[in-house]
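# Close look at the chain arrangement
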Amino acid sequence: MGGKIFGIDLRKSPVALERPTAQKNNSSQSVIEVRRPSMDHIKRPSIAGLGKKHSDKKEKDRSLSKDKHAKDASRVLPQPKPVKLTMIMESPPALFIDPPAQSTGALISGRLQVTPNAGDVVINSIVMYLECTTSTKRPVQDRCRECSSHITDLYEWNFLSKPTTFHAFDGMQELPFSHLIPGHIPATTHGHIGGIEYSLHVRAKTNDGKEIESRRDLIISRALRPGNDKNSVRIFPPTNLSLHVTLPSVVHPIGDFPVQCRMTGITTKREDSQVRWRLRKLTWRVEEHETMISPACAQHAAKVGGEGKGVLHQHDRDVGNEEMKQGWKTDFDDGQVEGEFMIGIDSSKLPQCDVEAPNGLKITHNLVLELVIAEEWAPNKKPHQATPTGAARVLRTQFNLSVSERSGMGISWDDEMPPMYEDVPASPPHYLNDHTSVMDYTGDDLQEDMEQFTLDR
Ligand SMILES: [Zn+2]
């Protein structure tokens, strides 16, 4: 496995997941302590019934029933089911507004339709579960269903209080249902290594022991309200360069968003001459970082060194990038270069929204900017007669991007979130930082450009 054992006991944390995020570990997996993925961690005491799990007996009973159905389907000719179960959703798509700590949730409502197929039928129970399925594409044991996915019931509707006869001549009968899904649970996510899905699962049992099941996916999205733009300042010691960047507080997996950039300190004037940095190339890249803890089932716990442990997997990818060689305005007199450009996340890569789930699935996004600058020298009397010195640098910096679905219509815009300035360094700027780096630039493309550039002047 080659993994690394982390000495973290997630059971100590009420939020279940506080990994050291500064862990610069390039290996793709590590063994860490983990609980079985369970919604218990995110249970709010005030919401009755949430996080209620089937007892082990019921869980076993249910998986047996599924297996039995699978066998029935392959061996016996299909037999008409005593009733047909269909579902009509009346509520709009489930959308949580605001982050988990503040969201008021989403109301779902609909009607369960029960239609006798062949004569009158007595139904003992009709139960519907709001299920959460967490899954990993990198199970501890290949092809083990218990290692790969886990189902938790978040809510349960019992439609019948006693055995009830559904008469054929009455036709379809409708059973209404509704529920307020609490807003702190993670939204539906289809990551590269981990997933969270919700469904409504109905089970009806007849008085002669037949069982009818029906399942419908329920997609839950989350939208963060747009707030004021975020202003960030990044410095690049030992140079005098400062980069001022303005980004939207929230961006979306589909569509473009504007970025304003201004770099100051590009000109250093001496008595007779000046040395200055010319921006030659700007590259942006949107990175998606996903981590997931694959739990081991009881049977395979030994593979990860005992129960309560799992394997941490990481997956990083780019979901958009572009290289630009023009589109900005340089003013050596003022000593600054500025421009605005559009950034688009590539929707063909099926980017995910940010998520952090108690089972260890976490997806975040970064915007990485790289600026290639070339040094040149000019006499103060003739500032346009510049000569490249041959020195070139790459300035690299990154910003957190908050990616969520669009909040769309129906949002009260009168209570926007306060501006967030956490990226602006306290003044005076400190010279030790993790945000930026300056490196020598060794690319060939710039040298070619620079020869041309020299001839032009
Ligand atoms: Zn297993």
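Everything in this summary refers to the structure shown in the same document.

Criteria and thresholds
- Residues numbered from 1 in each chain as written.
- Predicted model: local features only at pLDDT ≥ 70, side-chain atom pairs only at ≥ 80, totals over all residues.
- Heavy atoms only, no water.
- Helix = DSSP H or I, 4+ residues; strand = E, 2+ residues; numbered from the N terminus.
- Buried < 20%, exposed > 50% of the residue type's maximum accessible area, 1.4 Å probe, protein only.
- Contact = heavy atoms within 4.5 Å.
- Areas by Shrake-Rupley, 256 points an atom, 1.4 Å probe, with all protein chains shown as cover.
- Salt bridge = Lys/Arg side-chain N within 4 Å of Asp/Glu carboxyl O.
- Pairing = 2+ DSSP bridges.
- Axes fitted to C-alpha atoms, helices over the stretch in contact; angles between N-to-C directions.
- Donors = N, O, S within 2.8 Å, 3.2 Å for Na, K, Ca; no water.
- Tetrahedral: all angles 85-135°; square planar, octahedral: opposite > 155°, others 65-115°.
- Phe/Tyr/Trp six-rings, centres within 6.5 Å; stacked < 30°, edge-to-face > 60°.

## Quick look at the overall build of the protein
- Tallying secondary structure elements over the protein gives three helices and 24 strands in all.
- Looking at the protein residue by residue over its 457 residues, the buried ones come to 47%.
- Within the protein, residue pairs in contact and separated by at least 24 positions form 77% of the contacts whose partners lie at least 6 positions apart.
- A total of about 24,100 Å² of accessible surface is found on the protein, and carbon and sulfur atoms cover 50% of it.

## Details of the pattern of salt bridges
- Counted under the stated rule, the structure contains 17 salt bridges.
- Ionic pairing is found between Glu174 and Arg111, a salt bridge with its closest N-O pair at 2.9 Å. With a gap of 63 residues between them, Glu174 in strand β8 (residues 173-181) and Arg111 in strand β4 (residues 106-116) connect regions that are remote in the sequence.
- Via salt bridges that share partners, Arg285, Glu287, Asp318, Glu370 and Arg396 belong to a single interconnected network.

## Some remarks on the sheet that holds strand β19 (residues 329-331)
- Judged by pairing direction, the sheet is antiparallel, and its five strands sit side by side in the order β13-β14-β15-β20-β19 without closing on themselves. The sheet is open, and its two borders are formed by β13 (230-235) and β19, each paired with just one other strand. Taking the axes of each pair of neighbouring strands and ignoring which way they run, one obtains an average angle of 20° across the sheet.
- As paired strands, strand β14 (residues 242-247) and strand β15 (residues 256-264) are joined by five bridges and run antiparallel to one another. Along β15, the bridge assignment pairs His244 with Arg262.

## Some points on the coordination of the zinc ion
- Summarising the metal site, the zinc ion is bound by the protein donors Cys144 (SG), Cys147 (SG), Cys297 (SG) and His300 (ND1), whose distances to it range over 2.0 to 2.3 Å.
- Around the zinc ion sit four donor atoms, and with donor-metal-donor angles ranging over 100 to 115° the site reads as tetrahedral.

## A short note on the packing of aromatic side chains
- A full pass over the atoms with the stated rule returns three aromatic pairs.
- Measuring from ring centre to ring centre gives 4.8 Å for Tyr155 and Trp157, while their planes differ by 80°; the resulting arrangement is edge-to-face.
- Residue class for Trp157 comes out buried when judged on its relative accessible area of 8%.
- On the numbers, 6.5 Å between centres and 75° between planes, the contact of Phe159 with Phe177 is edge-to-face.

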